[in-house]
Every structure is written in structure tokens, then in C-alpha cells.
Amino acid sequence: MPMYQPSSRREVDSSQVLDLETAVKDGVLGGGGGGVITTAAFASDKLDLKIMIEELESMDVPTVFICPISLEPMHDPVTLCTGQTYERSNILKWFSLGHCTCPTTMQELWDDSVTPNKTLQQLIYSWFSQKYLAMKKRSEDVQGRVKEILENLKKIKGQARVQALKELRQVVQAHGSAKKTVVENGGIGLISSLLGPFTTHAVGSEVIGVLVSLNLDLNSKSDLLQPAKMSLIVDILNEGSIETKINCTRLIGMLMEGTDFASENIASLSLLVGLLRLVKDKKHPNGVLVGLSLLETICSHESVRSSFVNVGAVPQLVELIPGLTNECLELVLHVLELLSSTPEGRLALKDCPNTIPNIVKLLMKASENCTQLALSILWAICKFAPEECASLAVDAGVAAKLLLVIQSGCNPMLKQRSAELLKLCSLNYTTTIFISKCKLTRTIQ
């Protein structure tokens with residue numbers, strides 16, 4: 001191979017470095033237009049390639065358009081003597097770092113000139129122009145259709161209203177421009193007004209499906225937080241399909257973000273029961289995460305915790321623990337920790353036979369955060385009923401687990417709490433054994 005000879009870098013003026021037939025092979029142009037490249041794209045009012053690339057960021061781009069260095073679409077492709085093509089700025093930076101090789105093949109360069117690849121540049125521009133204009137056309141069609149649906153919703157009722165809302169939901173979920181059109185044309189207020197005391201669940205489910213895909217401002221949230229509308233949303237959550245239940249849960253979570261609300265209005269017993277059903281639904285595990293997330297948010301309000309304990313939440317959440325993912329585990333443990341801050345919660349945790357065994361198993365098993373939450377729960381119930389819970393914890397293997405925490409490289413606060421819990425359990429366990437032996441001796445005598 002000829003050795004690389006340093007020279008003043010020059011640019012070869014060539015517009016035919018890339019063979020056109022090779023470039024369009026395997027559908028480089030992405031179909032449509034028959035692979036024909038026209039010069040119309042290069043008119044004086046041509047589109048900005050950089051803007052088109054940014055707006056089509058999520059689209060799969062043909063690999064021949066991608067710079068091997070940056071893995072981004074090329075704006076100004078240049079070709080080396082090895083036949084490899086790169087974005088001009090990227091390959092010049094490679095050279096400026098002192099490299100005298102082709103980044104892809106690692107061949108030494110015998111010629112350091114870079115040749116503008118006009119054919120590839122035209123292909124890139126033509127492909128992005130075609131996709132960009134098609135996207136704009138679809139966007140205009142979508143916006144027009146959204147406006148038409150919003151106008152129809154003011155007039156139609158019954159099944160026609162359900163069908164119109166269903167179409168709007170599908171369009172909003174599929175197109176970002178549709179969401180903007182709904183907001184700009186007063187669609188949120190119009191759609192929210194369809195939720196009322198006489199709204200059917202069929203209409204309500206579709207309304208909620210649309211609203212959950214939109215960015216709601218504070219005024220819209222305040223309107224939806226009215227007791228009558230919240231009551232309807234909760235009813236639909238309890239009786240709807242799994243998709244509707246998840247949409248209702250997400251919408252309620254959205255309404256609670258950044259707003260002041262009366263916790264007794266939003267955290268009704270019906271809502272708490274509905275969320276427990278959602279997180280326990282083994283046939284539809286996709287509802288567990290969203291349900292636990294909302295329960296965590298609701299339980300962050302102290303006034304709600306006693307009500308949640310009273311509907312039997314503690315044993316139901318404890319039974320969920322063995323089958324949860326780490327993300328869901330942290331949520332359920334945080335909820336149980338919040339409930340353990342109340343006397344009712346501590347009593348319910350103590351009375352549930354699987355609380356201590358299930359919690360002890362999580363120490364040093366899932367994540368450090370899970371370990372911290374598990375320690376907090378164990379501490380709360382062992383302090384609440386030391387004589388009864390200490391022996392149960394020791395029997396569940398808490399001593400070995402706590403020693404692992406103390407000897408690990410985790411947070412010093414966790415180590416301190418583990419030492420305190422180990423001392424508490426050991427002291428009460430020893431006392432319990434001593435009392436038992438005394439009773440046994442008296443019986444024998």
C-alpha cells in the first residue's frame with residue numbers, strides 16, 4: 001500500500017463520487033417518487049436540510065446517509081481516497097487530532113484530499129424533502145380533521161358523539177400536532193364540559209382517553225377537580241376496561257400535580273378501593289405501576305392514611321410484595337412506610353402474618369432504597385410491639401440480614417439503623433426466651 005504523504009489538504013471538485021445506482025439500491029429513497037431525483041429540490045426557495053433533519057429525528061434514516069463517526073445524518077458529505085464517506089466537519093476534526101487513517105477501515109491514507117459527494121448530498125436532500133413535505137401535508141390534514149371533530153362535538157350526541165371522541169382520541173395519541181390543535185382551539189374546555197352528572201360511561205371513557213394525552217393547564221385541572229366530575233372519573237375507573245382504568249388513574253395523577261385540592265374530595269374510599277383492585281389484577285399487570293404511583297401520591301397526604309388502612313390496604317399490599325419488579329417494590333414499600341406512621345397502620349402491619357417474613361426477605365436483595373424502606377417498616381412495627389415482633393423477625397432471619405447490611409458498603413445511616421434494630425430484636429428475643437424458660441420451669445415444679 002502506498003504510504004501516506006503529508007500535503008496541504010485539498011478538495012477535489014467532483015459530483016459523481018457515489019454511483020447513483022448503488023445509492024438507490026435497497027430503497028435508499030424510502031419508496032415513493034420512483035427513486036427519481038429532480039433538481040426542483042434545489043430551487044432558490046429550497047427547504048433547510050438541518051431543520052428537516054431535526055423535525056424528522058424519530059424517523060428511520062437509510063444507513064448510507066449516516067456519518068460513521070457521529071452516527072447522525074450528513075449535511076455535507078465528503079469522500080476519502082478509500083471510498084468511505086463522512087460528514088465534512090467530523091472527518092476534518094479526525095484529521096485535526098493527528099490521525100492519518102480512514103476511521104472506518106483504519107487504512108493509512110495515501111491522499112489526504114476530501115471530495116464533496118454531491119450525488120449523495122442530493123440524495124439526502126431529496127429523501128428528507130420528500131419525507132418532510134409528506135409529514136407537513138399529513139399534519140395539515142390532521143389539524144383540519146381535529147377542528148372538524150371539535151365543531152361536530154358541539155352538535156352531535158349519543159353514539160355519534162362516542163365515535164367522534166374515539167376518533168379524536170386516536171388522532172391525538174398518534175400525532176403531536178393534533179394535541180396542539182386541540183389546545184389552541186379551546187378543545188380542552190369543550191371536551192371537559194362533556195363530563196357531567198348525565199354522562200354515560202361510554203362517552204366518559206373516551207373523554208378521559210383524550211384528556212390524558214393533553215397538557216392540562218391549572219384552570220383545566222381545577223375544572224376537572226370539581227366533585228361531580230371527580231366522582232364520575234372514579235366510577236369509570238371502577239367499572240371500565242383495563243385501558244380505561246389506566247387512563248383514569250393517569251388523569252387523576254395529572255390533576256394532583258401542581259394543584260391545591262381537598263384530599264377528602266380526591267381520595268374517596270371508592271377511589272382507594274378501585275386502585276387496590278387495579279394493582280391486584282394479575283390478568284393485567286400493566287396497571288400495577290401506574291396504580292401504585294397514584295397510591296403513593298395519595299398517601300403522601302397524612303389525612304388519607306387512616307382511611308386507606310381502614311379499607312384493608314395493608315394485607316393486600318403485603319401480599320403483592322413477592323411478585324413485584326424493583327420499581328414497583330419501591331413504590332409499595334414507600335406506601336407501607338407512610339402507613340406505618342399511623343397507629344392504625346402499625347397495628348395492621350403487625351397483625352398481617354406475612355408482613356415480617358416478606359419485608360425481611362427484601363433486606364439487601366432488591367436495591368439500597370428498598371433496604372432502607374424495609375428497615376424503616378421493620379423498625380416501626382418492632383418498636384410498636386417489641387415482644388411479639390422481635391421473635392418473629394429473628395425467626396424470619398433478620399439477624400443475618402442486618403449483619404449483612406452492617407458489613408456492606410451501603411449508606412452509614414442504614415448501618416446505624418440496622419445496628420439499632422438488631423439490638424432491639426436481640427434484647428427482646430433474649431427476654432422472651434428467658435421468660436419462656438421460667439414458665440416452663442414453674443410448670444415442671
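Reading guide: rules and limits
Residues numbered from 1 in each chain as written. Predicted model: local features only at pLDDT ≥ 70, side-chain atom pairs only at ≥ 80, totals over all residues. Heavy atoms only, no water. UniProt positions renumbered as here; feature names shortened; annotations may be inferred. pLDDT = per-residue confidence, 0-100. Helix = DSSP H or I, 4+ residues; strand = E, 2+ residues; numbered from the N terminus. Contact = heavy atoms within 4.5 Å. Salt bridge = Lys/Arg side-chain N within 4 Å of Asp/Glu carboxyl O. Buried < 20%, exposed > 50% of the residue type's maximum accessible area, 1.4 Å probe, protein only. Core = buried A, V, L, I, M, F, W, Y, C linked by side-chain atoms within 4.5 Å. Pairing = 2+ DSSP bridges. Axes fitted to C-alpha atoms, helices over the stretch in contact; angles between N-to-C directions. Parallel < 35°, antiparallel > 145°, perpendicular 65-115°, else oblique. Disulfide = S-S within 2.5 Å. Phe/Tyr/Trp six-rings, centres within 6.5 Å; stacked < 30°, edge-to-face > 60°.

Within an unreviewed UniProt entry, the label attached to the chain reads U-box domain-containing protein, and the organism entered is Hibiscus sabdariffa. Database annotation for the chain, UniProt heading Catalytic activity (unreviewed entry): "S-ubiquitinyl-[E2 ubiquitin-conjugating enzyme]-L-cysteine + [acceptor protein]-L-lysine = [E2 ubiquitin-conjugating enzyme]-L-cysteine + N(6)-ubiquitinyl-[acceptor protein]-L-lysine."

**Student:** Which residues make up the confidence of the model for the chain, and what are the values?
**Tutor:** With 82% of its residues at a pLDDT of at least 70, the chain reaches an overall mean of 82. Ranking the helices and strands of the chain by mean pLDDT puts helix 8 (residues 201–211) first, with 95, and helix 1 (residues 20–24) last, with 47. Low pLDDT, under 50, characterises residues 12–21; the predicted model gives this stretch 22 contacts beyond four residues in sequence or across chains.

**Student:** Got a sec to walk through the pattern of salt bridges? Specific residues and values, please.
**Tutor:** Taken as a whole, this structure holds 11 salt bridges when the rule is applied. Of the charged contacts, one joins E148 and R145 as a salt bridge, the two residues approaching to 3.0 Å between their closest N and O atoms. Of the two residues, E148 and R145 both sit in helix 4 (residues 118–153), three residues apart, roughly one turn of that helix. Residue R145 is classed as partly exposed on the basis of its relative accessible area of 27%. The shortest N-O distance in the salt bridge between R145 and E167 comes to 2.8 Å. Placement of R145 in helix 4 and of E167 in helix 5 (residues 158–174) is noted, with a sequence separation of 22 residues between them. Because the salt bridges share partners, they merge into one network encompassing R145, E148 and E167.

**Student:** Just give me the short version of the nonpolar core, but keep the residues and values in it.
**Tutor:** Counting 99 residues, the largest nonpolar core has L168, L292 and F308 as the members making the most contacts within it. Among the elements that make up this core, the one with the highest residue count is helix 17 (residues 326–339) (nine residues). Those residues in contact with L292, other than ones at most four positions away along the chain, are V279, L317, L324, C328, L331 and V332.

**Student:** Help me get a handle on the sheet that holds strand 1 (residues 77–79), residues and values and all.
**Tutor:** Within a sheet, adjacent strands bond to each other through the backbone by hydrogen bonds, running parallel or antiparallel. Reading across from one edge, 2-1-3 is the order of the three strands in this open sheet, with antiparallel pairing throughout. Of all the strands in the sheet, just strand 2 (85–87) and strand 3 (115–116) have a single pairing partner and so form its edges. Pairing of strand 1 with strand 3, which is carried by two bridges, proceeds in the antiparallel orientation. By the bridge assignment, T79 is partnered in strand 3 with T115. Running over the sheet, helix 3 (residues 88–96) touches strand 1, strand 2 and strand 3 and is turned about 95° from strand 2.

**Student:** Describe the packing of helix 5 against helix 6 (residues 176–184), listing the residues and the values that go with them.
**Tutor:** Helix 6 packs onto helix 5 with a crossing angle of 120° between their chain directions and a minimal axis gap of 5 Å. One way to sum up the angle between helix 5 and helix 6 is to call them oblique. For the pair helix 5 and helix 6, contact is made by L168, V171, V172 and A174 and by G176, A178, K179 and V182, respectively.

**Student:** An account of the side chain of E206 is needed here, citing residue identities and associated values.
**Tutor:** Positionally, E206 belongs in helix 8. If near-sequence neighbours (up to four positions away) are discounted, E206 is found in contact with V162, L165, K166 and R169.

**Student:** Explain the state of the cysteines to me, using residue names and the numbers behind them.
**Tutor:** In a disulfide, the sulfur atoms of two cysteines are covalently bonded to one another. The tally for this structure, following the rule as stated, stands at zero disulfides. Distance from the sulfur of C81, which forms no disulfide, to the nearest cysteine sulfur (C102) is 7.9 Å.

**Student:** For unusual backbone geometry, give the residues involved together with the corresponding values.
**Tutor:** A positive phi is found at L71, a non-glycine position, where the angle reads about 60°. Within the secondary structure, L71 is located in the loop between helix 2 (49–55) and strand 1.

**Student:** So what's going on with the packing of aromatic side chains? Residues and values would help.
**Tutor:** Evaluated as defined, the whole model comprises two aromatic pairs. Taken together, a centroid distance of 5.9 Å and an interplanar angle of 70° make the contact between F65 and W127 edge-to-face. Remark: W127 occurs in helix 4 and F65 occurs in the loop between helix 2 and strand 1; sequence separation between them is 62 residues. The exposure class of W127 is buried, given its relative accessible area of 3%. For the ring pair W127 and F128, a centre distance of 4.9 Å and an interplane angle of 85° mean the geometry is edge-to-face. You can call F128 buried: its relative accessible area is 1%. Linked through ring pairs, F65, W127 and F128 together constitute an aromatic cluster.

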